[in-house]
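Analysis of the macromolecular model
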Amino acid sequence: MTGGPFQNIKYEMTMFIKSAYRICPSSGDEPDYREIIPDANMRRRMGRIVRMGVAAALKCTEPFPDISIGAVIAATSMGCLADTGKFLDEISDRNESMLNPSPFIYSTFNTIAGQIAIIKGIRAYNMTYVNRGNGFSDALVDAWLCLGEGKDNILVVSYDESTPVSTAIMERLGCNYIPDAEAVAFLFSSSDGYPCPDPLEGCLDPGTRLAGMRDMGMNVCSADLLYRQFISGVN
Amino acid sequence: MSCRILVTGVGAVSAAGMSVQENIRTLDSGKRALSPFPSFVRTSLELPVGEVKADNASLEGMLGLSRKNPVTRTALLAAVAASEAVMDAGLEPGVLSGGRTGLVIGTSVGGMDISEVFYEEYRKDSNGCNPGTVRMHDCGATVSFVSSCLGIRGFSTAVSTACSSAGNAIMLAARMIRAGLLDAAIAGGADSLSRFTLNGFNSMRILSSSPCLPFDAARDGLNLGEGAGFVVLQRETDVTEKAYCCLGGWANADEAFHQTGSSSDGRGAFEAMSGALESASLNPEDIDYVNTHGTATPGNDLAEGTALKRLFGGSVPFGSFKGYIGHTLAASEGIEAVLCAVSVKEGKVWPSAGFSVEDPSIGISPFCPPFPEYRKIRHLLSNSFGFGGNNTSLVFSAV
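This section reports on the structure supplied with the text. Residue positions are given per chain, counted from 1 along the sequence in the order it is written. The order in which chains are written sets their letters, starting at A; the order in which ligands are written sets their numbers, starting at 1. Only residues with pLDDT of 70 or above have their local features reported here, since the model is predicted, and side-chain atom pairs are shown and tallied only from 80 upward, although totals for entire chains, interfaces and linings are computed over all residues. Where side-chain values are given, they derive from all heavy atoms of the structure, hydrogens and water being excluded.

**Digging into the overall build of chain A**
By the criteria applied, helices consist of DSSP H or I runs no shorter than four residues and strands consist of E runs no shorter than two, each listed in order from the N terminus. The number of helices and strands found in chain A is eleven helices and six strands. In summary, chain A has a C-alpha radius of gyration of 18 Å against a globular reference of 18 Å for 235 residues, a match within 12%. Its C-alpha atoms give chain A principal-axis dimensions of about 55 × 50 × 40 Å. Out of the 235 residues belonging to chain A, those deemed buried represent 60%. Note on definitions: a residue-residue contact is assigned when non-hydrogen atoms from the two residues lie within 4.5 Å. Within chain A, residue pairs in contact and separated by at least 24 positions form 80% of the contacts whose partners lie at least 6 positions apart. Our radius of gyration is a C-alpha quantity, and the globule rule it is checked against amounts to 2.2 Å times the number of residues to the power 0.38. Burial here depends on accessible area, computed with a 1.4 Å probe over protein chains only, as a share of the maximum for the residue type. Under 20% is buried, over 50% is exposed, and the range in between is partly exposed.

Following this line, the structure appears as structure tokens:
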């Protein structure tokens, strides 16, 4: 055996943000989904957070129609909560028979990364992190690994939503969580764009990670922070 | 040549047993560990399952726990299997807590076993029920629980790509070791049975009402299972004792075809398998056995069998563990990676269970000797495929 999985590997410390797009309805940042996902049936089947995550990714890559995406990486703390609740309601209401499988299928954690791959025809590395407040930080580490492994144009999407039930439970548990829904997408490159802060700094620091395990909102909040850094940096 | 990544410890819990040794004994006996219906899930569905034969109190007992709030079954299964793997590898407490040992868990069910019971109560009386019981609903909670059981303070995460989760967890751990971010990692997957997943797969009409028949002409669906499986990965230069095998290569490729189905030509399976071979610098003829995803749904086995034929020309022995323990979802490649590591180390292959008649549309048959067979395995390829077209293949090589 020669080099095997160790060949052609070159890790660089700098990662660049080529493009970013945020959907945050509570701040008034929401596009017209009919333009982004023209297929009405597809749009209807998607739950709100799936629609948001997919649309953020599509808008983020829109300025670069000709590039080939090297990887799709998604991050969430709780996944698709509305569809999860909907399927639980189905099970109880219909007493476990003749259930509509759609909410079950769309409740799966990797639905958004899978839908992005299907819609854009990205037959590449596809991953989803579900790790409380650390999901986005873990996705950035993976993006960094991908760039070092020779892939380029790494699409990362961070998303979370809340439902009336999840909000009520979070409040009673005293957990910090996002009040509505948000999706933020980034396109990372090894060569050009706005320099991204070192993704490894926080991910390996025990204190930062512990804070992330306690704060369910940090997944989207840290993506939001990076988005704002990017926007103010490029303008 | 650079340093290799070795499998130095293994741990597994499944319907076939509470430890790796118990699992091997069950496989050796040829017994299928499927039960006619679940006994620990509140459901009216009477479908065969690969259920772990221990209730949560027994699992808590194995871990020496006495807790105020209930621990989810996924987290308990994960902690039992991960502890076994750590003991097997002989990782010292200082190594575990030193920050250079990571934990990567693939899970898709997470804490749903408790959440679904809680939610039923919540619908009736939202103020009367105790939300403390759903503190462990999310996948990250399983990671947090297992980290604290093992004393891990370094990088830890949960990946969730449906049925390929554990394969991707093992792959991430290996990539982090290769990049120098970790020296060692415990990686694999865990999922418990739940009313949610039983009903989910039942609503998709892919559950069989009898013990499943991977690759058989009469196969009509899968049996859900539960369990956990973990391997300990370490850089070769840190290892002094003989390892099980080396993780020689890996690949993940999305099929970008359908959210839940596979393309009939198995292009995603083909790309994952050929990508893993390429990353290991191997040719198809170097592979001595393929552990398939082999769920026994008509679609998966057709796609995977077609891809196998295309890549290996029908000459490679292959089989599925699903006929013994069911499809354990995110745990499947965790448990199967453990069994594959044992296969490579001992040069032993178990017959694929539940097969009798070849499907003419697939045109190849799994390896089904009457008893487990000893044969030299230089390299073994192991597949796991999930929703969203998420396909992963790992290569385990003899050391």
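**Regarding the environment of A:Gly135**
Residues and elements named next belong to chain A. Take Gly-135: it is sitting in helix H7 (residues 135-148). What makes Gly-135 buried here is its relative accessible area of 0%. Between the C-alpha atoms of Gly-135 and Tyr-106, which are 29 residues apart in sequence, the distance is 19 Å. Apart from the residues within four sequence positions on either side, Gly-135 is in contact with Ala-75, Tyr-129 and Asn-219.

**Description of the interface of chain B and chain A**
Between chain B and chain A, the contact holds 78 residues from the first and 63 residues from the second. Buried surface at the junction of chain B and chain A, both sides included, amounts to about 6000 Å², of which 60% is carbon and sulfur. Summed over both partners, buried area is the accessible surface (1.4 Å probe) that two parts give up on being assembled. Sorting the residues of chain B by area buried against chain A places B:Arg178, B:Phe196 and B:Gln259 first, and these three jointly supply 12% of that buried surface. Here, a salt bridge means any side-chain nitrogen of Lys or Arg that lies within 4 Å of a carboxyl oxygen of Asp or Glu. For the interface between chain B and chain A, the tally reads eight salt bridges.

**Let's talk about the packing of aromatic side chains**
Note on ring pairs: Phe, Tyr and Trp rings are taken, using the six-membered ring of Trp, and paired if centres are within 6.5 Å. Classes follow the plane angle, with under 30 degrees stacked, over 60 edge-to-face and the rest tilted. Per the counting criterion, the structure on display carries 13 aromatic pairs over all chains. Taken together, the ring pairs in this structure connect A:Phe87, A:Phe104, B:Phe196, B:Phe201 and B:Phe387 into an aromatic cluster. Placement of a charge over a ring requires the Lys NZ or Arg CZ to be within 6 Å of the ring centre, with the centre-to-atom vector within 35 degrees of the ring normal. Across the ring face of A:Tyr33, the terminal group of A:Arg51 is positioned such that the distance to the ring centre comes to 5.6 Å. One Lys or Arg, B:Arg310, reaches over the ring of B:Phe270 and ends 3.5 Å from the middle of that ring.

**Considering the pairing of strand E5 (residues 184-191) of chain B**
All names here are of chain B. The buried fraction of E5 is high, at eight of eight residues. Neither face of E5 is left uncovered, since the one carrying Ala-184, Ile-186, Gly-188 and Ala-190 and the one carrying Ala-185, Ala-187, Gly-189 and Asp-191 both have all their residues buried. Only strands joined by at least two bridges in the DSSP assignment are considered to pair. The pairing of strand E3 (residues 101-106) with E5 spans six bridges and is classified as parallel. The residue bridging Ile-105 from the neighbouring strand is Gly-188, located in E5. Inspection of the sheet shows E5 paired to strand E7 (residues 227-235) by eight bridges, in the antiparallel sense. Across the sheet, Ala-187 pairs through a bridge with Val-231, a residue of E7.

**Description of the pattern of salt bridges**
Residue and element names in this part refer to chain B. A complete count under the given rule lists 30 salt bridges over all chains for this structure. Between Asp-301 and Arg-219 there is a salt bridge whose closest N-O contact spans 3.8 Å. Taken together, the residues Asp-301 in helix H10 (residues 298-312) and Arg-219 in the loop between helix H8 (195-203) and strand E6 (224-225) connect sequence positions 82 residues apart. Between Glu-336 and Lys-322 there is a salt bridge; the shortest N-O distance is 2.8 Å. Here the residue Glu-336 occupies a position in helix H12 (residues 332-346), and Lys-322 occupies one in helix H11 (residues 322-325), the gap between them amounting to 14 residues. Under the relative-accessibility criterion, Glu-336 is labelled buried at 1%. The exposure class of Lys-322 is buried, given its relative accessible area of 0%.

**Considering the side chain of B:Glu333**
Residue and element names in this part refer to chain B. Of note, Glu-333 is situated in helix H12. Counted charges follow a simple rule, with Lys and Arg positive, Asp and Glu negative, and His plus the chain ends left uncounted. One buried charged residue, Glu-333, remains without a salt bridge, the closest side chain of opposite sign being Lys-322 at 6.8 Å. Discounting chain neighbours no more than four positions away, the residues touching Glu-333 are Ala-166, Gly-167, Ile-170, Ser-382, Asn-383, Ser-384, Leu-394 and Phe-396.

**Section: H7(A)**
Between its terminal C-alpha atoms H7(A) stretches 20 Å, which fits the 20 Å expected from 14 residues at 1.5 Å a residue. Taken across its 14 residues, H7(A) has 14 buried, putting it largely inside the fold. Helix span, expected: 1.5 Å multiplied by one less than the number of residues in the helix.

**A short note on helix H3 (residues 48-61) of chain A**
What sets the pattern is the α-helix's 3.6 residues per turn: residues three or four places apart point alike. Helix length check: H3(A), at 14 residues, gives a terminal C-alpha distance of 20 Å against a target of 20 Å (1.5 Å per residue), a fit within 8%. On its buried side, H3(A) packs onto strand E1 (15-23), helix H1 (33-36), helix H5 (102-107), helix H6 (111-120), strand E4 (154-161) and strand E5 (181-189) of chain A.

**Some details on the environment of A:Val72**
All names here are of chain A. Its location among the elements puts Val-72 in strand E2 (residues 71-76). Judged by its relative accessible area of 1%, Val-72 is buried. Val-72 sits 156 residues away from Arg-228 along the chain, and the two C-alpha atoms are 22 Å apart.

**Focus on the state of the cysteines**
In this description, a disulfide is simply a cysteine sulfur pair whose atoms lie within 2.5 Å. Overall, the coordinates contain zero disulfides over all chains when judged by the stated rule. Unpaired in this structure, A:Cys221 has its nearest cysteine sulfur neighbour in A:Cys24, at a distance of 9.5 Å.

**Considering the environment of B:Ser281**
All names here are of chain B. Counting through the fold element by element, Ser-281 comes out in the loop between helix H9 (267-279) and strand E9 (289-291). Ser-281 gets classed as partly exposed once you look at its relative accessible area, which sits at 27%. Expressed as a C-alpha distance, the spacing of Ser-281 and Cys-129, which sit 152 residues apart in the sequence, is 56 Å.

**Focus on unusual backbone geometry**
Phi angles above zero are rare outside glycine, and A:Asn95 is one such case at about 55°. Note that A:Asn95 resides in the loop between helix H4 (81-93) and H5. With phi around 60°, B:Arg205 is a residue other than glycine that occupies positive phi space. Here B:Arg205 is to be found in the loop between H8 and E6.

**A word on the packing of H4(A) against H8(B)**
Taken N-terminus to C-terminus, the directions of H4(A) and H8(B) make an angle of 85°; their axes are 10 Å apart at the nearest point. It follows that H4(A) is roughly perpendicular to H8(B) by the angle criterion. Contacts between H4(A) and H8(B) involve A:Thr84, A:Phe87, A:Leu88, A:Ile91 and A:Ser92 from the first element and B:Arg195, B:Phe196, B:Asn199, B:Gly200 and B:Ser203 from the second. Fitting a line to C-alpha atoms yields each axis, with helices limited to the stretch in contact; the angle taken between N-to-C directions then spans 0 to 180 degrees. Oblique is the label for any angle not under 35 degrees, not over 145, and not in the 65 to 115 range, which are roughly parallel, roughly antiparallel and roughly perpendicular in turn.

**Here's the deal with the nonpolar core**
A general tendency of soluble globular proteins is for nonpolar side chains to be buried together. As used here, the term nonpolar core means buried Ala, Val, Leu, Ile, Met, Phe, Trp, Tyr and Cys residues forming a set that is joined through side-chain atoms within 4.5 Å. Grouped together as the largest cluster of nonpolar side chains are 83 residues, with contacts concentrated most on A:Ile73, A:Ile154, A:Phe186, A:Phe188, B:Val7, B:Leu233 and B:Phe396. Element by element, the count of residues in this core is highest for H7(A), at nine residues. Those residues in contact with B:Val7 that lie beyond four places of it in its chain are B:Val231, B:Val232, B:Leu233, B:Ala243, B:Tyr244, B:Cys245, B:Ala341 and B:Phe396.

**Regarding the side chain of B:Ser279**
Relative to the helices and strands, B:Ser279 is located in helix H9. By relative accessible area, B:Ser279 is classed as buried at 18%.

**Details of the packing of H7(A) against helix H11 (residues 218-234) of chain A**
Residues and elements named next belong to chain A. One can describe the packing of H7 onto H11 by two numbers: an axis separation of 7 Å at closest approach and a directional angle of 60°. By the angle between their axes, H7 is oblique relative to H11. Counted together, Gly-135, Phe-136 and Leu-140 of H7 and Asn-219, Ser-222, Ala-223 and Leu-226 of H11 form the full contact between these two elements.

All we've got here are geometric facts, nothing functional implied.
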